[in-house]
Amino acid sequence: MVCVKQKGAVLKILASAVSLFLLLNASVVVHSEETPAIFPLIAGGTEEETAGEGSGLVYMQTASQDGLSLFADRGSGRFYIEDTGGNRWYSNPDAAADDPSASGIHKVELQSLIVAEVLELKTGQVTRKNSEARSVRQDGAAYREIGGGFRMDYTFGEEGMIIPVEIRIGGGMLTAHVPVEEIREEKPEEYRLMSLSVLPFFGAAGREETGYALLPDGSGSLMYFNNGKLTADEYAMPVYGRDQALNLLMKPADSHAVQYPVYGMKSGDKAYLAVISRGAAQATIRAAVNGQGTSYAHAYSQFTLRASDSFVLGEETGNPQTAALYQEEDIAIDGVEVQFRFLQAEAADYSGMAAVYRQYLQETYGIKEHTVAGTPLYLDIHGAVMKKKSILGIPFEVEEQLSDLADIQALAQQLYADGVSALEINLKSWSRDALSGKVDGSLKPSGKLGGSGELQALSAYLGKQGGTLYPELGIQLFNRSGNGVSRFSDVTKSMSNAPAFIASYYESTRLRNKNIPRQSMLAGGKLPELLSRIAGRADTLGLMAFSFPALYVYSDFGDPLVSRSGYAAALSTALEKLGDRALLMDNPPDFLLGKAAGIVNLPVESSGKDLTDESVPFVQLALSGLLPYAVPPVNLGGDEDRLFLKALETGSALHYSFITKDNKRVIDTTLNGLLSADPAHWTAQMLEEYQTLEEVRRAAGGTGMVSHRRLAPQVTETAYANGTRVLVNYSGKAYTDGTVTVEAGGYALLAG
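Now for a description of the structure that goes with this document. (Residues numbered from 1 in each chain as written. Predicted model: local features only at pLDDT ≥ 70, side-chain atom pairs only at ≥ 80, totals over all residues. Heavy atoms only, no water.)

## With respect to the overall build of the protein
The line we're drawing: Only runs of H or I of at least four residues qualify as helices and only runs of E of at least two qualify as strands under DSSP, and these elements are numbered from the N terminus. C-alpha atoms define the radius of gyration in this analysis, and the globule rule sets the expected value at 2.2 Å times the number of residues to the power 0.38. Each residue's exposure class comes from its accessible area (1.4 Å probe, protein chains only) as a fraction of the maximum for that residue type: buried when under 20%, exposed when over 50%, partly exposed otherwise. The contact rule is simple, with two residues in contact once any of their heavy atoms fall within 4.5 Å.
Regarding its fold elements, the protein presents 11 helices and 45 strands. The C-alpha radius of gyration computed for the protein amounts to 27 Å, which stays within 12% of the reference 27 Å derived for 752 residues, consistent with globular compactness. Of all 752 residues assigned to the protein, the portion counted as buried reaches 57%. Put simply, 65% of the contacts in the protein that link residues at least 6 apart link residues at least 24 apart.

Here is the structure:
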């Protein structure tokens, strides 16, 4: 057996034909076991029981509170929830065993509460194992009642694993919890548990049902039941994006990260919203439509308990071979939990789900509702960039000035004079540290931009006008030592025990661009020290606000091993070192919302995955009235008119990206996308759009959005709490409903 031993970890390498444990030219393959023989289920009963129709199951009432009743089959752990309206949600379809579209493993998984992926060390294969075949039908499932519900201990005999699942009701919701610390692996030399899918078919919708699954990438998307997209890839999106500590052989297709660990189902006049309340950083949200393996549309969460990776051997020799690595350490996450909240009647749609999620965010992260006093305008201003030059054929890099602080203040003064009430400036590529490849720490402006005194003066000026200056902090990525951080000892490690890097890729081929240096990722343990340094320096300069670029959530396979869940907790705690400073964040993960003063680059559409059918502003509905948020830069999006309409539809603020010097300075730099960043070209349009959004804000009385619907294929309606409505027409012809007409490519504001 070939192993790589690192401090505190043992990693199995699957490499050449010399060993059974090495698989060349292959990535990690997940196999499905054959369908085992079917054994009858035996269940007792009382006068409280109800029988599953034709399923052989016997459901007995286990708990009832807060408008929900829980009924469970003691032999299998399958259950259903009933609300006050008589609506039922089943953990698994009662007719699963008779599903004509399901065969083999699909039919058995359709009857399972959990599906595990297990690594067999002898063969190096990862195989799917489900609770129905491997435990229930092998007489390995044990039921017992607990407060508010029941617990099932599923014994997977052959694999020597015992996996507990707790099902409870309380607080008006259903909670599915896996106490990870109680999982037992009694054959660790033969099998290792890699991942766990929890309630993969809860609320699954059959072919006769109408409705959709709500999926959370970007602004949110809907997958309609029976949409016929049988050849599309299954929806699978990791929460908080991919783990950057894992090797990336080729850049994947562009997509928005899932920053909100939720999903939902609407069927008829009932719906549920599922929130991953523990273990979100380890989760992947998955979904499939009717006919993809089974007759049922479903959505669920899969949790990675141990990581796997692949890397290339012999790339320099011209004979590259791909090998797979598996993490063998003990499971390093503190829990797996999904909460299900139920909706009825008019509330049973994605707007109602957003209202439920808004309440969850308020209760979990302490976010309070606020009335918007003025419409904010967000501007990215880029200070400088490194540019390659040469003298006598000798290449070198110099700082190329893109803006200066005096010009920025002059622009701000003009915008205030033109009627902008709240100007929020995100100062990017401004510090000596960032331009030199270090993490930020000294807070010294680039000499091309201006001095610390000018930085303080601009911050003070904006503050007096009701605006904010947010100097951007780079605290994760770097390629030079400095500010107490070493690029050798303070970096995140990959599974091969080598430093992990983030690389750049060509858009055309999606292969790595080796002309741009890779960046190291700061180990989570260094974050508190770095942010304490920044806070001390900020105190000296009187800076009370900062911004962050998109923040990553990654593992660290060094010593000690830090899971993505551990890193998320470390990042959240470390940011507390900045005290009560205002923090502007770039489409942050949900667990940082309580620390955000505002959000930029909030996606206004979904990723458009093949399996989904339309984008909806679920995230904006949840955040409206809690935090100000802005669209991606209008002048960089390629279709500024559509992006402005999206701002109207989603209740978003405007966002532009500028430099105050000649745009040609960005040519042949990493900021060459800023060729359309001249404020003089955009100011008139920006002010006109701004006044329109201000008119909407005044009409809505500063209240938040409460509902959204589609009136026609390309016409939407957004409603605010005071009854104000905004209709947006993306089509090429006028829309009318008999009382109001919306011109092509236009909008209508209907005051409440």
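## Here we look at the nonpolar core
For soluble globular proteins, nonpolar side chains are generally found buried alongside one another. What counts here: Grouping buried Ala, Val, Leu, Ile, Met, Phe, Trp, Tyr and Cys residues that are joined through side-chain atoms within 4.5 Å yields what is termed a nonpolar core.
Counting residues in each nonpolar core, the largest one holds 183 residues, and the members touching the most others are Phe79, Phe340, Tyr357, Leu379, Leu423, Ile475 and Phe618. With residues near it in sequence (within four places) discarded, phenylalanine 340 still touches Met173, Leu174, Ala176, Leu199, Phe202, Tyr263, Tyr272, Leu273 and Ala274.

## Some details on the sheet that holds strand 35 (residues 545-548)
Selection criterion: What makes two strands pair is DSSP finding at least two bridges between them. Geometry is summarised by axes, namely lines fitted to C-alpha atoms with helices restricted to the contacting stretch, and by angles between N-to-C directions that run from 0 to 180 degrees.
Taken in spatial order, the 3 strands of this open sheet run 35-36-37, and their pairing is parallel. Two strands bound the open sheet, and with one partner strand each, they are strand 35 and strand 37 (598-600). Taken over all neighbouring pairs, the strand axes of this sheet differ in orientation by 20° on average, direction set aside. Examined bridge by bridge, strand 35 and strand 36 (residues 582-586) share 4 bridges and lie parallel to one another.

## Section: the pattern of salt bridges
The following threshold applies: One speaks of a salt bridge when a side-chain nitrogen belonging to Lys or Arg is within 4 Å of a carboxyl oxygen belonging to Asp or Glu.
Within the structure shown, the criterion is met by 31 salt bridges. In this structure, the salt-bridge partner of glutamate 166 is arginine 168, at a minimum N-O distance of 3.0 Å. On the basis of relative accessibility, which here comes to 32%, the residue arginine 168 falls in the partly exposed class. Arginine 725 is the salt-bridge partner of glutamate 717, the closest N and O atoms lying 2.7 Å from each other. Given the relative accessible area of 7%, glutamate 717 is considered buried. Overall, arginine 725 belongs to the partly exposed group, its relative accessible area being 29%. Three or more residues joined by partner-sharing salt bridges are found here, namely Arg151, Asp153, Glu166, Arg168 and Glu182.

## Observations regarding helix 11 (residues 679-700)
Stated precisely, the cut-off is as follows: A helix's residues, less one, multiplied by 1.5 Å, set its expected span. Two axes enter the definition of the bend at a residue: one is fitted to the seven residues ending there, the other to the seven starting there, and the bend is the angle between them. In protein, a polar contact means a hydrogen-donor-capable atom and an acceptor-capable atom, both N or O and within 3.5 Å, with residues adjacent in sequence counting only if both atoms are side-chain atoms; elsewhere, any N or O pair within 3.5 Å suffices.
Spanning 22 residues, helix 11 covers 30 Å between terminal C-alpha atoms, matching the ideal 32 Å at 1.5 Å per step. Of all the bends in helix 11, the greatest, near 30°, is centred on glutamine 685. Where helix 11 begins, the side chain of aspartate 678 points an oxygen toward the backbone nitrogen of alanine 680, at a separation of 3.0 Å. A positive backbone phi angle near 65° is found at glycine 701, which sits one or two residues after helix 11.

## Comments concerning the sheet that holds strand 42 (residues 725-729)
Pairing within the open sheet is antiparallel, and its 4 strands lie in the order 40-41-42-45. Here the strands that pair on one side only, and so sit at the sheet edges, are strand 40 (705-712) and strand 45 (747-750). Adjacent strand axes in the sheet meet at a mean angle of 15°, parallel and antiparallel pairs treated alike. Across 6 bridges, strand 40 lies against strand 41 (residues 715-720) in antiparallel orientation. Its bridge partner lying in strand 41, serine 707 is registered against alanine 719. Packing of helix 10 (residues 640-650) onto the sheet brings it into contact with strand 40, strand 41, strand 42 and strand 45, and relative to strand 42 it is tilted by some 150°.

## Some remarks on the packing of helix 10 against helix 11
For the record, the criterion: An angle below 35 degrees is treated as roughly parallel, one above 145 as roughly antiparallel, one from 65 to 115 as roughly perpendicular, and anything else as oblique. Note on convention: near helix rotated counterclockwise from far helix by under a right angle means a left-handed crossing. Clockwise means right-handed. Side-chain classes are defined by residue name, with Ala, Val, Leu, Ile, Met, Phe, Trp, Tyr, Cys and Pro counting as nonpolar, Asp, Glu, Lys and Arg as charged, and the others, Gly among them, as polar.
Packing of helix 10 against helix 11 leaves a shortest axis separation of 11 Å and a crossing angle of 20°. The orientation of helix 10 with respect to helix 11, classified from their angle, is roughly parallel. Two packed elements cross with a definite hand, and for helix 10 against helix 11 that hand is right-handed. Where helix 10 approaches helix 11, its residues Glu640, Phe644 and Leu648 are matched on the opposing element by Trp682, Gln685, Glu689, Thr692, Leu693 and Val696. Partitioned by chemical class, the residues of the contact of helix 10 with helix 11 number 5 nonpolar, 2 polar and 2 charged.

## A short note on unusual backbone geometry
Along the chain, aspartate 559 connects to proline 560 via a cis peptide bond; the corresponding omega equals 5°. Along the chain, proline 560 turns up in the loop between strand 35 and helix 8 (564-575). The phi torsion at aspartate 66 lies on the positive side, around 50°, for a residue other than glycine. For aspartate 66, the position within the fold is in the loop between strand 5 (58-65) and strand 6 (68-73).

## A look at the packing of aromatic side chains
Defined as follows: For Phe, Tyr and Trp, rings pair up if their centres lie within 6.5 Å, where Trp contributes its six-membered ring, and each pair is then called stacked (planes under 30 degrees apart), edge-to-face (over 60) or tilted (otherwise).
Across all of its chains, the model carries 23 aromatic pairs by this definition. Ring centres 4.8 Å apart and planes at 15° place the aromatic pair phenylalanine 71 and tyrosine 80 in the stacked group. Pair check on accessibility: phenylalanine 71 and tyrosine 80 agree, each one buried. Centre to centre, the rings of phenylalanine 79 and phenylalanine 150 are 6.1 Å apart; their planes meet at 65°, and the pair counts as edge-to-face.

## Topic: the packing of helix 4 (residues 405-417) against helix 6 (residues 452-464)
In contact at an axis separation of 10 Å, helix 4 and helix 6 are set at 10° when each is read in the N-to-C sense. It follows from the interaxial angle that helix 4 and helix 6 lie roughly parallel. Across from Leu405, Ile408, Gln409, Ala412, Gln413 and Tyr416 in helix 4, the residues of helix 6 making contact are Glu454, Leu455, Ala457, Leu458, Tyr461 and Leu462.

## Things to note about helix 8
With 12 residues, helix 8 should cover 16 Å at 1.5 Å per step; its first-to-last C-alpha distance of 17 Å lies within 8% of that length. Listed as buried for helix 8 are Arg564, Ser565, Tyr567, Ala568, Leu571, Ser572, Ala574 and Leu575. On the buried face of helix 8, the contacting elements are helix 7 (527-541), strand 35 and strand 36.

## Considering the side chain of threonine 669
Looking at the secondary structure, you find threonine 669 in the loop between strand 39 (654-658) and helix 11. Residue threonine 669 is classed as buried on the basis of its relative accessible area, which comes to 8%. Reaching out from threonine 669, the side chain makes a polar contact with the backbone oxygen of valine 666 at a distance of 2.7 Å. Dropping the residues within four chain positions of it, threonine 669 is found in contact with Val385, Met386 and Lys387.

## Re the pairing of strand 9 (residues 114-120)
Of all 7 residues making up strand 9, 6 are buried, and the element is well covered by its neighbours. Here strand 9 pairs with strand 16 (residues 191-198) via 7 bridges, running antiparallel. Pairing of alanine 116 across the sheet is with leucine 196, part of strand 16. Hairpin connection between strand 9 and strand 10 (residues 125-130): a loop of 4 residues separates the two successive antiparallel strands, and glycine 124 in this loop has a positive phi of roughly 75°.

## A few points about the pairing of strand 41
Within strand 41, 6 of the 6 residues are buried, leaving the element largely enclosed by the surrounding structure. Every second residue of strand 41 is oriented toward a common face, with Val715, Glu717 and Ala719 on one face and Thr716, Thr718 and Tyr720 on the other, all of them buried. Pairing geometry for strand 41 and strand 42, over 5 bridges, is antiparallel. Each residue of the ladder has a partner; that of threonine 718, found in strand 42, is valine 726. What sits between strand 41 and strand 42 in their antiparallel hairpin is a turn of 4 residues, with glycine 723 showing a positive phi close to 95°.

## Description of the environment of isoleucine 167
Mapped onto the secondary structure, isoleucine 167 falls in strand 13 (residues 161-170). Placed 180 residues apart in sequence, isoleucine 167 and alanine 347 show a C-alpha to C-alpha distance of 25 Å. For isoleucine 167, the contacting residues outside a window of four places in its chain are Leu70, Phe79, Gly148, Gly149, Phe150, Leu174, Thr175, Ala176 and Leu199.

## Comments concerning the environment of serine 442
Residue position: serine 442 is located in the loop between helix 5 (432-435) and helix 6. Apart from residues no more than four positions distant in its own chain, serine 442 is found in contact with Asp433, Asn483 and Arg537.

In short, the description is geometric, and any link to function would need to be established separately.
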